[in-house]
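# A look at the structure
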Amino acid sequence: MKLCPQIFFVFFIPVYFSIAGCVLYPELVEKGMNAPKSERCGDCHIDIYDEWKDSPHARSFTNPLFKEETNGYQFTFCLGCHAPETIFTEGTIGSRDVNREEGVHCNGCHLNDCALTGPTPARGPHPIAGKNPFFRTSELCGKCHVGTYNTWRKAEVSDSERTCQSCHMPGIRRKLIQDEPWQKFYPKREGRQHFFSNRKVLTLDEKLLRLSFKSIRYSEGKIEGVLQMENRGIPHGIPTGDYGYREVVVRIELRDNTGRIIDFLEESLFVERKTALQYKEKRDVRFCFPGEGESYTIRATMTRTSFRKDVNILLAEKTCYV
């Protein structure tokens, strides 16, 4: 029986890789001046690369605020996490000297001892170290996100219950690669998306973060009440982090029956002021607005905001009518 070349390539070449240990692309694990750019990984891992390239990890070095806050990259101790050679190192993570503009790139998280590794077993035409269970633990993220990892540990939530990845890298079933012809013999498997973005992954879920109104009274020209904030399921503070600007704004608005804002109250939560809402914590915010006898709407929101207030992510909201 005579096989066509395409069938031979698709079905027999991967077996050859497995048995003979053939490596077509050894340069994918190079360091220093010969280190590959992430777009080389994206030649095969197309979906993952497309997710990563628009993520905060990809902008961790070029972010204008990071450049400003490090005085033009003069604070070199920050560079190990914002442009790492690899997180697989003892002690302090070293920064790389090339391709820094890619921030936390593919090899920064997946290059371990001259081979590429991940959370699932794999084969392919580049050096592979095989399955590494470390990728399924919060400790992996804690290599750089030290403060958040420490608060996660204090929350006493195990890796079997909830990890950093389970919230910030939503699960997805798909093929690891999409390039031809490799995708033809790779099965679909359970994996993680690589957005790393709060805006992409956060949803208004009262199982995680809940706002509720308590004891609202309307009398003598005043509307008084209590807004209760509850961190029900996020196993770290809100906000969280080690450096940079981290503010969550709690806003309570009084609106008339046309939707016009009559009055409002705002409170800010900061890590530095120790006002972050911790895991399982409930906290009350009291408010008092003027009322003149008509119907009103009270709307409460929690919003993650940026220093310039140009990026706002709604975390929770609640509305009541009086």
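These figures come from a predicted structure and were not determined experimentally.

Check the secondary structure of the protein and you find 10 helices and 11 strands. In summary, the protein has a C-alpha radius of gyration of 25 Å against a globular reference of 20 Å for 322 residues, an excess of more than 25%. When burial is assessed residue by residue, the protein has 41% of its 322 residues classed as buried. For the protein, the proportion of contacts with a sequence separation of at least 24, taken over those separated by at least 6, is 58%. When the accessible surface of the protein is split by element, carbon and sulfur atoms take 52% of a total near 18300 Å².

Let us now look at the pairing of strand β10 (residues 297-305). Extensive coverage of β10 is indicated by the burial of 7 of its 9 residues. Sheet topology places strand β7 (residues 247-255) next to β10; 9 bridges connect them, and they run antiparallel. Bridge assignment links R251 to a residue of β10, and that residue is T301. Here 9 bridges tie β10 to strand β11 (residues 312-321), and the two strands are oriented antiparallel to one another. Each bridged residue has a counterpart across the sheet, and for R304 the counterpart in β11 is I313. Linkage of β10 to β11, two consecutive antiparallel strands, is achieved through a turn of 6 residues, within which K309 is found at a positive phi near 60°.

For the rest of this paragraph, the subject is the sheet that holds strand β6 (residues 222-231). Hydrogen bonds along the backbone pair up the strands of a sheet, which may run parallel or antiparallel. As summarised here, the arrangement of the 3 strands in space is β5-β6-β9, forming an open sheet in which the pairing is antiparallel. Both outer strands of the open sheet, β5 (209-219) and β9 (282-290), are each paired with one neighbouring strand and no more. Adjacent strand axes in the sheet meet at a mean angle of 20°, parallel and antiparallel pairs treated alike. Note that β5 and β6 share 9 bridges and pair antiparallel. Bridging from a neighbouring strand, S219 pairs with K222 of β6.

In this model, the second largest pocket occupies a volume close to 220 Å³. Along its surface, the second largest pocket is lined by 15 residues, and T151, P239, V271, A276 and Q278 are the ones closest to its centre.

Spatial strand order, β8-β7-β10-β11: 4 strands in an open sheet with antiparallel pairing. Among the strands making up the open sheet, the edge pair consists of β8 (261-270) and β11. In this sheet, neighbouring strand axes are inclined to one another by 15° on average, regardless of whether the strands run parallel or antiparallel.

The complete set of buried residues in helix α8 (residues 146-154) reads T148, Y149 and W152. Around the axis of α8, the buried residues are gathered within 100° of arc, so they sit on the same side. Turned more than 90 degrees off the buried face of α8, the exposed positions are R153 and K154. Buried residues along α8 sit against α7 (138-142). Count one or two residues on from α8 and you reach E156, which has phi positive near 55°.

As a further point, take empty space enclosed by the protein. A probe matching the size of a water molecule, rolled over the atoms, marks out where space remains unfilled. In this structure the tally under the stated criterion is 1 cavity of 30 Å³ or more. Around the largest cavity, the lining residues are E30, G32, A35, P36, E85, R96, V98, H105, N107 and L111.

Membership of the largest hydrophobic core comes to 26 residues, with the highest contact counts inside it found for L209, L227, I238, I252, I298 and M302. For this core, the secondary-structure elements that each account for two or more residues are β5, β6, β7, β9, β10 and β11. Beyond its immediate chain neighbours, meaning those up to four positions away, M302 contacts L209, L211, M229, I238, V248, V249, V250, L269, I313, L314, L315 and A316. One finds F61, Y73, C78 and A83 within the second-largest nonpolar core, a separate group that totals 6 residues.

This part takes up the confidence of the model for the protein. Residues shown with low pLDDT carry predicted positions that ought not to be read at fine detail. Across the protein, pLDDT averages 90, with 93% of residues at or above 70. Low confidence marks residues 1-20, where pLDDT is under 50. Its contacts with residues over four positions away, or in another chain, come to 19 contacts.

With that settled, consider a nonpolar patch on the surface. A surface patch of nonpolar side chains, amounting to about 400 Å² of accessible area, comprises F75, F77 and Y243. Turning to its location among the elements, Y243 is positioned in the loop between β6 and β7. Judged by its relative accessible area of 65%, Y243 is exposed.

This brings us to the pattern of salt bridges. Under the definition given, this model contains 21 salt bridges. Note that E190 is salt-bridged to R173, the shortest N-O span being 3.3 Å. Taken as a pair, E190 in strand β4 (residues 188-192) and R173 in strand β3 (residues 171-175) lie far apart in primary sequence, 17 residues in all. The salt bridge involving R283 is made with E281; its shortest N-O contact spans 3.0 Å. Classification of E281 as partly exposed rests on a relative accessible area of 23%. Salt bridges linked by common partners bring R251, E253, R255 and E266 together as one network.

Definitions and limits used
- One numbering rule holds for all chains: residues counted from 1, following each sequence as written.
- Only residues with pLDDT of at least 70 are given local features in this predicted model, and only at 80 or more are side-chain atom pairs given and counted; all residues enter the totals for whole chains, interfaces and linings.
- Heavy atoms throughout the structure, all of them, feed into the side-chain values; hydrogens and water do not.
- Under the DSSP-based scheme used, a helix requires at least four consecutive residues in state H or I and a strand at least two consecutive residues in state E, with every element numbered from the N terminus.
- Throughout, the radius of gyration refers to the C-alpha atoms, and the reference size of a globule is 2.2 Å times the residue count to the power 0.38.
- Summary of the burial criterion: residues with accessible area below 20% of their type's maximum are buried, those above 50% are exposed, and those between are partly exposed, where the area comes from a 1.4 Å probe applied to protein chains only.
- Any two residues whose heavy atoms approach within 4.5 Å are treated as being in contact.
- The method behind every accessible area is Shrake-Rupley, applied with a 1.4 Å probe, and residues are considered shielded solely by the protein chains displayed.
- The pairing criterion for strands is at least two bridges between them, as found by DSSP.
- Axis definition: a line fitted to C-alpha atoms, over the contacting stretch in the case of helices. Angles run 0 to 180 degrees between N-to-C directions.
- Residues are called lining when one of their atoms sits within 4 Å of a cavity or pocket point, these points coming from a 1 Å grid over the protein atoms alone, where a cavity is a set in which a 1.4 Å probe fits but cannot get out and a pocket is an open set with protein on both sides within 12 Å along at least five of seven lines.
- Grid points are joined across faces, edges and corners, and a volume is the space filled by probe spheres set on the points.
- It is the directions from the helix axis to the C-beta atoms whose arc is reported.
- Residues belong to a common nonpolar core when they are buried Ala, Val, Leu, Ile, Met, Phe, Trp, Tyr or Cys residues joined through side-chain atoms within 4.5 Å.
- Confidence scores per residue from the predictor, reported as pLDDT, run from 0 to 100.
- Patch membership needs two things, relative accessible area over 30% and no salt bridge, and members are linked within 9 Å if like-charged or within 5 Å if nonpolar (Val, Leu, Ile, Met, Phe, Trp, Tyr).
- Between Lys or Arg on one side and Asp or Glu on the other, a salt bridge is scored when a side-chain nitrogen of the former is within 4 Å of a carboxyl oxygen of the latter.

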